[in-house]
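# Inside the fold
Each chain, written out:
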Amino acid sequence: MFKKTSAKYSYDYSYKNPFKKHDVKRYEKEKMKKEIKESKEEKRCSYILELEGKGTVKVKPDVATVTLGVITENEELEVAKIENSRKVERVLEVLKEMGIDDDDLQTETFSIEPQYDYEGGKKVFRGFKVTNKLTITIRNLEKIGEIIDTAVDSGANIVESIKFSIAQPDTYYNEALNLAILNTIEKARSIEHTLKVKVNMIPIKITEESYGYAYPVERTYMEAVDTTTIIQSGLIEITARVNTVFDYE
């Protein structure tokens, strides 16, 4: 080691290197062990298995959305508007009497359109058509038919659609997501058994691919005995898909 003197640097022969030969060998040996271990781990993890999984849950809907309304026509626009407004007010009144909250009643469409007939190739003005459509959220599905019939009896003359849904779909979607992951694990076990390999059943990566809701087709018909509208809700399918990566050796 060099040390400073009054004029120049000189080598200090009393300095001893703390790293002895056996220390260097031990360091190199430990380094080699570490490199071999990392190499083995890298080699083992280089084999990956990528699988897709699907999970589906079928749920009975608990919410229905009905679109219905009133159409009025008259040669005089003001008369058509007044008649439409009167009927819509009556429909809203009876719906509230049946327990539908204000928050579950919404105007979907309001329109005024001139109407024409064609006579002898000529367009002849017939009057005005006023349309007011309401979206009604029904949370008691047993009353759907009764609500529709009551609305029609009160002046509604169009019923366009009935859609079913779930108030809290995330709960059921998470269940479907769990089933999708289990589906990939089942596939991994099957491959492990077939190929006689060792698969680590804890995934190293899970990617949520997609989710979807399959809504039932509405079914509406009139019962022969008392002409009550019957609605069948069916079941909603909630599906989750995942892409899962496993490592194996």
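Above this text is the structure in question.
What you see is a predicted model; the values in this text were computed from it and never measured.

### With respect to the overall build of the chain
The number of helices and strands found in the chain is four helices and 11 strands. Here the chain holds 249 residues, and the buried ones make up 30% of them.

### Comments concerning the pattern of salt bridges
Inspection of every chain in the model, using the stated rule, returns nine salt bridges. Residues aspartate 102 and lysine 96 are paired through a salt bridge, measuring 3.2 Å at the closest nitrogen-oxygen approach. Accessibility expressed as a relative area gives 43% for lysine 96, which makes it partly exposed. For glutamate 113, the salt bridge goes to lysine 129, with nearest N and O atoms at 3.8 Å.

### Looking at the side chain of threonine 137
Mapped onto the elements of the fold, threonine 137 is located in strand β6 (residues 122-138). On the accessibility criterion, threonine 137 (17% relative accessible area) is buried.

### Structural notes on the packing of aromatic side chains
Scanning all chains against the criterion turns up three aromatic pairs. Between tyrosine 116 and phenylalanine 125, the ring centres sit 5.8 Å apart and the planes meet at 70 degrees, which makes this aromatic pair edge-to-face. Since its relative accessible area comes to 34%, tyrosine 116 is described here as partly exposed. Every member of this aromatic cluster is reached through a ring pair, and the members are Tyr116, Phe125 and Phe128. Just above the ring of tyrosine 116 sits the side chain of lysine 123; from NZ or CZ to the centre is 4.5 Å.

### Concerning helix α3 (residues 144-153)
Inspection of α3 places Ile144, Gly145, Ile147, Ile148, Asp149 and Ala151 among the buried residues, and these make up the whole buried set. Lining the buried residues of α3 we find β4 (63-74), α2 (77-97), β6, β7 (158-165) and β10 (229-232). Two residues or fewer after α3 comes glycine 155, characterised by a positive phi angle close to 130 degrees.

### Overview of unusual backbone geometry
Positive phi, close to 60 degrees, is recorded for lysine 196, a residue that is not glycine. Checked against the element boundaries, lysine 196 lands in the loop between α4 (169-195) and β8 (205-214). Accessibility expressed as a relative area gives 66% for lysine 196, which makes it exposed.

### Regarding the sheet that holds β4
Read from one edge of the open sheet, four strands run β5-β6-β4-β7, paired in antiparallel fashion. The sheet terminates laterally at β5 (105-119) and β7, the two strands that pair on one side only. For this sheet, the mean inter-axis angle between neighbouring strands, taken without regard to orientation, is 20 degrees. Pairing between β4 and β6: 11 bridges, direction antiparallel. Across the sheet, valine 70 pairs through a bridge with asparagine 132, a residue of β6. Most of the contacts of α3 go to β7, to which it runs at about 160 degrees, and overall it touches β4, β6 and β7.

### A look at the side chain of threonine 184
By the secondary structure assignment, threonine 184 is in helix α4. Looking at threonine 184, its side chain comes within polar contact range of the main-chain oxygen of isoleucine 181, at 2.5 Å. Ignoring any residue separated from it by four or fewer positions in sequence, one finds threonine 184 in contact with Leu51, Glu52, Gly53, Val242, Thr244 and Phe246.

### Quick notes on a nonpolar patch on the surface
Taken together, the side chains of Tyr116, Tyr118 and Phe125 define a hydrophobic patch exposed on the protein surface, amounting to about 350 Å² of accessible area. Looking at where phenylalanine 125 falls in the secondary structure, it is placed in strand β6.

### Points about the nonpolar core
Leu68, Val91, Leu95, Ile100, Ile136, Ile138 and Ile144 are the most contacted members of the largest nonpolar core, which has 21 residues in total. Residue assignment for this core shows that the elements contributing at least two residues are β4, α2, β6, α3 and β7. When neighbours within four sequence positions are excluded, isoleucine 138 is seen to be in contact with Asp62, Val63, Ala64, Val66, Ile100, Ile144 and Ile147. Counting residues in hydrophobic clusters, the runner-up holds 11 residues, among them Val59, Leu177, Ala240 and Val242.

Cut-off values and rules
- Residues numbered from 1 in each chain as written.
- Predicted model: local features only at pLDDT ≥ 70, side-chain atom pairs only at ≥ 80, totals over all residues.
- Heavy atoms only, no water.
- Helix = DSSP H or I, 4+ residues; strand = E, 2+ residues; numbered from the N terminus.
- Buried < 20%, exposed > 50% of the residue type's maximum accessible area, 1.4 Å probe, protein only.
- Salt bridge = Lys/Arg side-chain N within 4 Å of Asp/Glu carboxyl O.
- Phe/Tyr/Trp six-rings, centres within 6.5 Å; stacked < 30°, edge-to-face > 60°.
- Lys NZ or Arg CZ within 6 Å of the ring centre and 35° of its normal.
- Contact = heavy atoms within 4.5 Å.
- Pairing = 2+ DSSP bridges.
- Axes fitted to C-alpha atoms, helices over the stretch in contact; angles between N-to-C directions.
- Polar contact = N/O pair within 3.5 Å; in protein donor to acceptor, adjacent residues only side chain to side chain.
- Patch = residues over 30% accessible without salt bridge, like charges linked within 9 Å, V, L, I, M, F, W, Y side chains within 5 Å.
- Areas by Shrake-Rupley, 256 points an atom, 1.4 Å probe, with all protein chains shown as cover.
- Core = buried A, V, L, I, M, F, W, Y, C linked by side-chain atoms within 4.5 Å.

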